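Residue-level structural notes
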Amino acid sequence: MGAERCAWLGLLAAHALDALDSAERAGLEGHLRSRCAECEGELGRTRREVEALAESPAPVAPPPLVRRRVLNAVRPRRRRGSGE
Ligand SMILES: [Zn+2]
């Protein structure tokens with residue numbers, strides 16, 4: 001079974017927001033160079049969201065939703081199968 005998710009997935013949102021420190025970024029970029037399909041897909045999606053925010057007309061502080069998304073991405077997800 002290969003149900004485990006890539007350990008780098010949690011850092012992709014922070015990476016798209018340019019919020020990683022240099023060591024984390026170096027590690028993640030090295031991982032992306034190994035062409036992890038899971039991370040490539042997720043990073044593409046996250047980048048699109050960040051760009052959409054950047055292009056939105058109101059140049060205000062990032063909405064709380066963004067923070068929540070980042071926190072959700074960084075925090076380990078609860079395993080499926082216990083509750084639903
Ligand atoms: Zn990966």
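All values reported here derive from a predicted model rather than from experimental measurement.

Cut-off values and rules
Residues numbered from 1 in each chain as written. Predicted model: local features only at pLDDT ≥ 70, side-chain atom pairs only at ≥ 80, totals over all residues. Core = buried A, V, L, I, M, F, W, Y, C linked by C-beta atoms within 7 Å. Buried ≥ 20, exposed ≤ 12 C-beta atoms within 10 Å, placed from the backbone. Helix = DSSP H or I, 4+ residues; strand = E, 2+ residues; numbered from the N terminus. Contact = placed C-beta atoms within 7 Å. Expected span 1.5 Å × (residues − 1). Arc of directions from axis to C-beta. Axes fitted to C-alpha atoms, helices over the stretch in contact; angles between N-to-C directions. Parallel < 35°, antiparallel > 145°, perpendicular 65-115°, else oblique. Nonpolar A, V, L, I, M, F, W, Y, C, P; charged D, E, K, R; others polar. Left-handed = near helix turned anticlockwise from the far one by under 90°.

1. Considering the nonpolar core
Note on soluble globular proteins: their nonpolar side chains tend to be buried together. Core analysis: the biggest nonpolar cluster contains seven residues, these being Trp-8, Leu-11, Leu-12, Ala-13, Ala-16, Cys-39 and Leu-43. Within the residue set of this core, elements represented by two or more residues are helix H1 (9–16) and helix H3 (37–55). Sorting elements by how many residues they give to this core places H1 first, with four residues. Dropping the residues within four chain positions of it, Leu-12 is found in contact with Cys-39, Glu-42, Leu-43, Thr-46 and Ala-73.

2. Comments concerning H3
Along its 19 residues, H3 runs 27 Å from first to last C-alpha, staying within 8% of the 27 Å computed at 1.5 Å per residue. Taken together, the buried positions of H3 are occupied by Cys-39, Glu-42, Leu-43 and Thr-46. When H3 is viewed along its axis, its buried side chains cluster within an angular range of 100° and face the same direction. Across H3 from its buried face, at more than 90 degrees, point the exposed residues Ala-37, Glu-40, Gly-41, Gly-44, Arg-48, Glu-51, Ala-52 and Glu-55. In this fold, the buried residues of H3 make contact with H1 and helix H2 (22–33).

3. Some thoughts on the packing of H1 against helix H4 (residues 64–74)
Following both chains from N to C, one finds H1 and H4 inclined at 150°, their axes separated by 7 Å at the closest point. Classified by the interaxial angle, the pair formed by H1 and H4 is roughly antiparallel. Residues Gly-10, Leu-12, Ala-13 and Ala-14 of H1 lie in contact with H4, whose contacting residues are Arg-69, Val-70, Ala-73 and Val-74. Split into classes, the residues belonging to the contact of H1 with H4 amount to six nonpolar, one polar and one charged.

4. Some points on the packing of H1 against H3
Two elements in contact, H1 and H3, have axes whose closest approach is 9 Å; the angle formed by their N-to-C orientations is 30°. Relative to H3, the element H1 lies roughly parallel. At the point where H1 passes H3, the crossing takes the right-handed sense. Only Glu-38, Cys-39, Glu-42, Leu-43, Thr-46, Arg-47 and Val-50 of H3 make contact with H1, whose side of the interface consists of Leu-9, Leu-12, Ala-13 and Ala-16. Looking at the contact of H1 with H3 residue by residue, the class counts come to seven nonpolar, one polar and three charged.

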